[in-house]
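Commentary on secondary and tertiary structure
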Amino acid sequence: MLEVLKLPIILTVQVDLVLIILTGLGIWSRLCGLSYPKAVVFDEVFYGQFVSLYMKQIFFIDDSGPPLGHMILALGAYFGGFDGNFVWNRIGAEYTGNVPVWHLRLLPALAGAFCIPLAYQIVIELQYSHLYALIAGLLIMFENSLITQSRFMLLESVLACFALLTVLSYLKFYNTQRHSPFSVSWWSWLFLTGVACTLTVGVKYMGLFTYLLLLTIAGVHTWQLIGDTVLSNVTVICHVLARVFALLILPAVLYLGIFYIHLTLLYRSGPHDQIMSSTFQASLEGGLARVTQGQPLEIAYGSQITLRNLWSKPVPCWLHSHKSNYPVRYEDGRGSSHQQQVTCYPFKDVNNWWIIKDPAKQELVVSNPPRPVRHGDIVQLVHGMTARYLNTHDVAAPMSPQSQEVSCYVDYNISMPAQNLWRVEIVNRESQSEGWKTILSEVKFVHVNTSAVLKLSSTALPDWGFRQLEIVGDKTSKVYHQNMVWNVEEHRYGKSEEQKERELELQTPSQMDFSKNISFMAKFLELQMKMLMLKNEETEHKYSSSPLEWINMDTNIAYWLHPSSNAQIHLIGNAVTWSSATIGIVAYAILYLWYLLRRRRRIYSISEDSWERLVLAGAVCIGGWIVNYLPFFLMEKTLFLYHYVPALTFKIILLPIVLQHIHDEVLWSSVLRNTFNALMVAWLSSVYMVYRTFSPLTYGVRPLLASELNALRWKDNWDILIRKR
């Protein structure tokens, strides 16, 4: 018998104990006492409202960015069994028993904790030592502001975590490229980079800048790869296509997937859907869908309708008239026609109803069978409550004298004849003879006599116009704009008294379930446009600040104050870390410029490998700091110190890289290096001591005496709260 030789299977596992310990300590530092305080902390009052809407599956829109961040918070709430029933109306409100505080704060806390091992690994992937990678992890761990921001239902820690994951994934892919391209590991890190890019952009629009930074770095590396003549043309094409798919196509598909889940979950009507178009609103359960369900689809002569302007923002408005007339003279002395006012009114009202009339007939009811209105037809619009015709003429509009006044015609028996014929132009038609449809058709009204287009000017009228929005006739603009476009939102067929008495049913050409008549892509594109256009009003806030105040932490934010004691939580960073990181950026800039000038003179102070490592580290860290910081200078919104958290994270990671470079490349003697090491130990000790000193304001677990609070007020600009007892 032949003896079968059994070969042993050897499995080698490499475990980074430092990484495991850092991760464990990071999780403990962020999750310890996570349910405290059991009260609404600062912006939890803002994010909590969206979580409640998710739990009740009610549609909402938030201008701060895509919905992934809110979905992550809602996921924690879902696991905690939250039913959404809590009124998020003030900071400091005590959470009721049905609110799973620990679960609501869990995922942001974990994201903040994972920033520590991510920072550690980024330094290693940049080809620096494990010792200095450990320093990077410790600096992130003992940064008080990062701890505070990650321990509550807030999103900056999530954004920072995904940004670091994006960078780490790409660095691992880039390093794998050197020894095993197209391997399983290579593909895995490349695809994880694309996924991480989507997650970063999906949390907040600010993540888009990190994504663009990564695309820039990847583009430079790809350009270098194209210039490698060792590689065949086929290999180069495969490299380029792989990056295009993973870094461009995959993130786009996943980004769409985020919104698909978002819109699938939020299928009920709510307070925010008024901002959306009539078609979008009709797709939501309840609200407008209940009104539009079963409405006649085709607009006919005799139809009773409300007309909504497609451009009105941030709230919708409807074509409106009322019994008041324009004043005889305006404030600037110009005379008016003194006709009945026509405005755009931002509320549902009986005065928003109009009747479509055939100019050749007197009837204001729908015939049987109905005669549909088609593209190019001439109609009259009769105001339902006052029975006056929509009119415009060569009289300057009250607030926009370059345009014509729009009114409802009042016959004063003077030489100003009625000019009330309007041509219906369907903007989104598919054929020249297409019929005018409820909700679906986007319509322009062109005045027959003057060729002026019925338009919303978005200017508010004075008190005599009840502060409603001005409607004008514009015959100067040749460019299509949505403020000229209207759609029918509510529609019914007007019946004669005989039809009502005999309960005759009109032969309705067709009806449609509008809730099913809008595609996902149409909803996605509309939601994107609304999110970009919608802006919160810039308001003054006690703790708002400018980006210039963030670099040296010249400001702070009081997040929470105990209702009866001096226990409190503040967003205050580790002063040693903040100032050291700033010095680190300055030191890097000096070193980089010095080496660049010397290399220009063909003097190579450091090896090519050290130079490439330094350049890549700067691109990642300095670049990460810049793209997460400088855009705030261009934003017209209320800003707070917490907006600096992602930029600060990249800034801190750069510091140990600069320190190692100085130790290895700048200091030339053992005496200097030993002195440097001693200073490093003293500096790290001071970082820890400052962390411990400010921990009472980071965790807020114990009340402080007034003297202790005054001692923590290291800067005059810091607002430390002292309750007098």
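Residues numbered from 1 in each chain as written. Predicted model: local features only at pLDDT ≥ 70, side-chain atom pairs only at ≥ 80, totals over all residues. Heavy atoms only, no water.

Okay, the overall build of the chain next. A count of helices and strands for the chain gives 19 helices and 14 strands. Taking the principal axes of the C-alpha coordinates as reference, the chain spans close to 105 × 85 × 70 Å. By the burial criterion, 54% of the 725 residues in the chain qualify as buried. Accessible surface, the chain: about 33200 Å² in total, of which carbon and sulfur atoms supply 61%. Taking the average location of the 57 positive side-chain charges in the chain and that of its 54 negative ones, the two points are 4 Å from each other. (Helix = DSSP H or I, 4+ residues; strand = E, 2+ residues; numbered from the N terminus. Buried < 20%, exposed > 50% of the residue type's maximum accessible area, 1.4 Å probe, protein only. Areas by Shrake-Rupley, 256 points an atom, 1.4 Å probe, with all protein chains shown as cover. Lys, Arg positive; Asp, Glu negative; His and termini not counted. Charge placed at Lys NZ, Arg CZ, Asp CG, Glu CD.)

Judged by how many residues are buried, strand 7 (residues 404-408) sits mostly within the fold: 5 of 5 residues are covered. Burial along strand 7 is two-sided: Gln404, Val406 and Cys408 facing one way and Glu405 and Ser407 facing the other are all buried. One ladder, built from 2 bridges, connects strand 3 (residues 340-345) with strand 7; its direction is antiparallel. Note that in strand 7 the partner of Gln341 across the bridge is Ser407. Across 4 bridges, the pairing between strand 6 (residues 390-396) and strand 7 is antiparallel. Within strand 7, the residue paired with Thr392 across the bridge is Val406. Of the pairings in the sheet, the one linking strand 7 to strand 11 (residues 469-474) comprises 2 bridges and is antiparallel in character. (Pairing = 2+ DSSP bridges.)

A word on the state of the cysteines. Evaluation of the coordinates by the stated rule reveals 1 disulfide. What pairs with Cys317 in a disulfide is Cys344, and their sulfur atoms sit 2.1 Å apart. The disulfide joining Cys317 to Cys344 has a torsion of about 85° about its S-S bond and is therefore right-handed. One end of the pair, Cys317, is in the loop between strand 1 (303-309) and strand 2 (318-325); the other, Cys344, is in strand 3, with 27 residues separating them in the sequence. On the accessibility criterion, Cys344 (0% relative accessible area) is buried. In this structure Cys621 is a free cysteine whose sulfur lies 14 Å from that of Cys115, the closest cysteine sulfur available. (Disulfide = S-S within 2.5 Å.)

For the structure on display, the rule yields 48 aromatic pairs. Judged by centre distance (4.6 Å) and plane angle (45°), the rings of Phe182 and Trp186 are tilted. A residue is classified by how much of its surface remains accessible, and Phe182, at 31% relative accessible area, is partly exposed. On the accessibility criterion, Trp186 (0% relative accessible area) is buried. Taking the centre distance of 5.3 Å and the plane angle of 80° together, the rings of Tyr629 and Phe633 count as edge-to-face. When its relative accessible area of 2% is taken as the criterion, Tyr629 is described as buried. Judged by its relative accessible area of 40%, Phe633 is partly exposed. Three or more aromatic residues joined by ring pairs make a cluster, and in this case those are Tyr170, Phe173, Tyr174, Phe182, Trp186, Trp187, Phe191 and Phe245. Lying over the aromatic face of Phe280, Lys523 brings its terminal NZ or CZ to 5.3 Å of the ring centre. If you follow Arg613 out to its NZ or CZ, it ends over the ring of Tyr128, 4.8 Å from the centre. (Phe/Tyr/Trp six-rings, centres within 6.5 Å; stacked < 30°, edge-to-face > 60°. Lys NZ or Arg CZ within 6 Å of the ring centre and 35° of its normal.)

A word on the environment of Phe633. Considering the arrangement of structural elements, one finds Phe633 in the loop between helix 16 (608-627) and helix 17 (645-666). Sequence-wise, Phe633 and Leu548 are 85 residues apart; in three dimensions their C-alpha atoms are separated by 8.8 Å. With sequence-adjacent residues up to four places away left out, Phe633 is seen in contact with Pro547 and Leu548. (Contact = heavy atoms within 4.5 Å.)

The next thing to look at is the nonpolar core. Counting 159 residues, the largest nonpolar core has Trp88, Leu126, Ile557, Tyr559 and Trp683 as its most contacted members. Considering each element in turn, this core owes the most residues, 13 residues, to helix 7 (residues 156-179). If near-sequence neighbours (up to four positions away) are discounted, Trp88 is found in contact with Val40, Glu44, Val45, Gly48, Gln49, Ser52, Phe82, Tyr95, Leu104 and Met153. Counting 31 residues, the second largest nonpolar core, distinct from the first, contains Tyr330, Leu390, Trp422 and Leu456. (Core = buried A, V, L, I, M, F, W, Y, C linked by side-chain atoms within 4.5 Å.)

Turning our attention to unusual backbone geometry. The step from Tyr36 to Pro37 runs through a cis peptide bond, and the omega angle for that step is -5°. Position of Pro37 among the secondary structure elements: in the loop between helix 1 (17-31) and helix 2 (44-55). Residue Pro369 follows Asn368 across a cis peptide bond; omega there is 5°. When you line up the elements, Pro369 lands in the loop between strand 4 (353-357) and strand 5 (378-383). Phi angles above zero are rare outside glycine, and Ser451 is one such case at about 65°. With respect to the helices and strands, the residue Ser451 is situated in the loop between strand 9 (443-447) and strand 10 (453-460). Its relative accessible area of 49% is what places Ser451 among the partly exposed residues. Of note, Ser458 is a non-glycine position whose phi angle comes to about 70°, a positive value. Position of Ser458 among the secondary structure elements: in strand 10.

A separate point is the packing of helix 5 (residues 130-141) against helix 17. When two helices pack together, their arrangement is captured by the angle between the axes and the distance separating the axes. Remark: helix 5 packs on helix 17, axes separated minimally by 9 Å, with the N-to-C direction vectors making an angle of 150°. When the interaxial angle is binned, helix 5 and helix 17 end up roughly antiparallel. Pair helix 5 / helix 17 crosses with right-handed handedness. Of the residues in helix 17, those in contact with Tyr132, Ile135, Ala136, Leu139 and Ile140 of helix 5 are Thr649, Ile652, Leu655, Pro656, Leu659, Gln660 and His663. Tallied by class, residues from the contact of helix 5 with helix 17 come to 9 nonpolar, 3 polar and no charged. (Axes fitted to C-alpha atoms, helices over the stretch in contact; angles between N-to-C directions. Parallel < 35°, antiparallel > 145°, perpendicular 65-115°, else oblique. Left-handed = near helix turned anticlockwise from the far one by under 90°. Nonpolar A, V, L, I, M, F, W, Y, C, P; charged D, E, K, R; others polar.)

All right, on to the side chain of Glu143 then. Here Glu143 shows up in the loop between helix 5 and helix 6 (144-150). Among buried Asp, Glu, Lys and Arg side chains, Glu143 stands out as unpaired, with Arg30 the closest opposite charge at 8.2 Å. At 2.6 Å, the side chain of Glu143 and the side chain of Ser145 are in polar contact. Not counting the four nearest positions on each side in its chain, Glu143 is found in contact with Gly573, Asn574, Thr577, Trp578, Leu648 and Ile652. (Salt bridge = Lys/Arg side-chain N within 4 Å of Asp/Glu carboxyl O. Polar contact = N/O pair within 3.5 Å; in protein donor to acceptor, adjacent residues only side chain to side chain.)

A surface patch of nonpolar side chains, about 740 Å² in accessible area, is lined by Leu11, Val13, Val15, Leu17, Ile20, Ile21 and Leu25. You can see Val15 is positioned in the segment before helix 1. (Patch = residues over 30% accessible without salt bridge, like charges linked within 9 Å, V, L, I, M, F, W, Y side chains within 5 Å.)

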